[in-house]
Amino acid sequence: MLNVDEAIISRRSVRAYKPDPIPRQTVAHILEVASRAPSGTNIQPWHVHVFIGDALKSLCDAVLDAFWNEPEKHKNDRVHYMTEWREPYLARRRKVGWDLYGLAGIRKGEHEKTREFHSRNFKFFNAPVGMIFTIDRDMGWMSWLDYGMFMQNICIAARGQDLHTCPQAAWGSYHDVIEKHLGLPSEQLVHCGMSLGHEDTTAEVNKLETVREPLDAYVTFHER
Ligand SMILES: Cc1cc2nc3c(=O)[nH]c(=O)nc-3n(C[C@H](O)[C@H](O)[C@H](O)COP(=O)(O)O)c2cc1C
């Protein structure tokens, strides 16, 4: 069993998976453990749709069809990150993007290859399990924080089963397609997805090493 630090540090966003199936009980176990996440006043604002087998393929086909044939129709009306990119966030975003594309063999200006790479999101990077997360539309920002804690718990609990994950905002851009596919009540919305599976350790893209700022850059200790 990994200790807590090992589980956290060994988590990475994995973007290529082995086809090996994952038993439904393992997924259920991970999600039960993850539900121990704290949430303000314990309201537990999460709902997970788990896709496996034919159901996974059918969801991916629906979204890929929209992605390739009518991408301009499916913009997300919510701001994912920031309206106007600025430093230091822009440089960090660019670095991870170019490091990843470098491993994928994509150079600047290769739009078709970039698009093909982006499309892999909508196959859950070939993972055997895909998850789509929904939330009630009227939930406030504290509940979105709760959701983040829940999702991080999934990533860490997956490490306990020797599995890997990739949280995916990309699905949010096709929320309308997924909401229709799921027949989701109008009070709920799809905000993102996550891949879950065994890492394909031979894949170049999984060699990505992301960096973090040193402690001093984001911590202020107040002692007197
Ligand atoms: C909310 C959220 C959304 C993300 N969306 C995507 C995505 O759509 N596609 C993708 O390949 N990676 C996605 N990522 C992964 C990030 O790129 C990754 O976490 C970041 O570069 C740090 O790398 P690491 O997770 O390997 O430590 C997302 C991560 C988070 C937390």
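Now for a look at the structure at hand. Sequence order sets the numbering: in each chain, residues are counted from 1 along the sequence as written. Reporting in this predicted model follows two pLDDT cut-offs: at least 70 for local features of residues, and 80 or more for side-chain atom pairs to be given and counted; totals over whole chains, interfaces and linings ignore these cut-offs and use all residues.

A word on the overall build of the chain
The test is simple: Each helix corresponds to a stretch of at least 4 residues labelled H or I by DSSP, and each strand to a stretch of at least 2 residues labelled E; elements are numbered beginning at the N terminus. Taken over C-alpha atoms, the radius of gyration is set against a globule rule of 2.2 Å times the number of residues to the power 0.38. Throughout, a residue-residue contact means that the two C-beta atoms, derived from backbone geometry, are no farther apart than 7 Å.
Looking only at helices and strands, one finds eight helices and four strands in the chain. Scaling as 2.2 N^0.38, a compact globule of 224 residues should have a C-alpha radius of gyration of about 17 Å, and the chain matches this with 18 Å. C-alpha atoms of the chain, sized along the principal axes, occupy 60 × 45 × 40 Å. The contacts of the chain with a sequence gap of at least 6 include a subset with a gap of at least 24, amounting to 83%.

A short note on the site of the ligand
Cut-off, in case you're wondering: The criterion for a residue being near a molecule or strand is simple: its C-beta atom, placed using the backbone, must lie within 6 Å of it. In the scheme used here, Gly and all other residues not listed as nonpolar or charged are polar, with Ala, Val, Leu, Ile, Met, Phe, Trp, Tyr, Cys and Pro taken as nonpolar and Asp, Glu, Lys and Arg as charged.
Near the ligand you find Arg12, Ser13, Arg15, Val96, Asn121, Cys166, Pro167, Gln168, Ala169, Ala170, Cys192 and Thr210, and these make up its full shell. Among the elements that make up the shell around the ligand, the one with the highest residue count is strand 3 (residues 164–168) (three residues). By residue class, the composition of the shell around the ligand is six nonpolar, four polar and two charged.

Considering the pairing of strand 3
The line we're drawing: Burial is judged by counting the other C-beta atoms within 10 Å of a residue's own C-beta: 20 or more makes it buried, 12 or fewer makes it exposed, and any count in between marks it as partly exposed, with every C-beta position built from the backbone. What makes two strands pair is DSSP finding at least two bridges between them.
Within strand 3, four of the five residues are buried, which leaves it mostly tucked inside the rest of the structure. As paired elements, strand 3 and strand 4 (residues 188–197) share five bridges and run antiparallel to each other. Among the inter-strand pairings, Pro167 is bridged to a residue of strand 4, identified as Met194.

Regarding the pairing of strand 2 (residues 129–136)
Within strand 2, six of the eight residues are buried, which leaves it mostly tucked inside the rest of the structure. Pairing between strand 2 and strand 4: eight bridges, direction antiparallel. Bridge pairing links Gly130 to Ser195 in strand 4.

A closer look at the environment of Ile178
As for its position among the elements, Ile178 is in helix 7 (residues 175–182). Among the residues examined, Ile178 registers 21 C-beta atoms within 10 Å and is labelled buried. Between the C-alpha atoms of Ile178 and Trp141, which are 37 residues apart in sequence, the distance is 23 Å. Among all residues touching Ile178, those that are not within four sequence positions of it are Leu59, Val63, Ile132, Trp171 and Val190.

The values reported here are purely geometric and, on their own, carry no functional implication.
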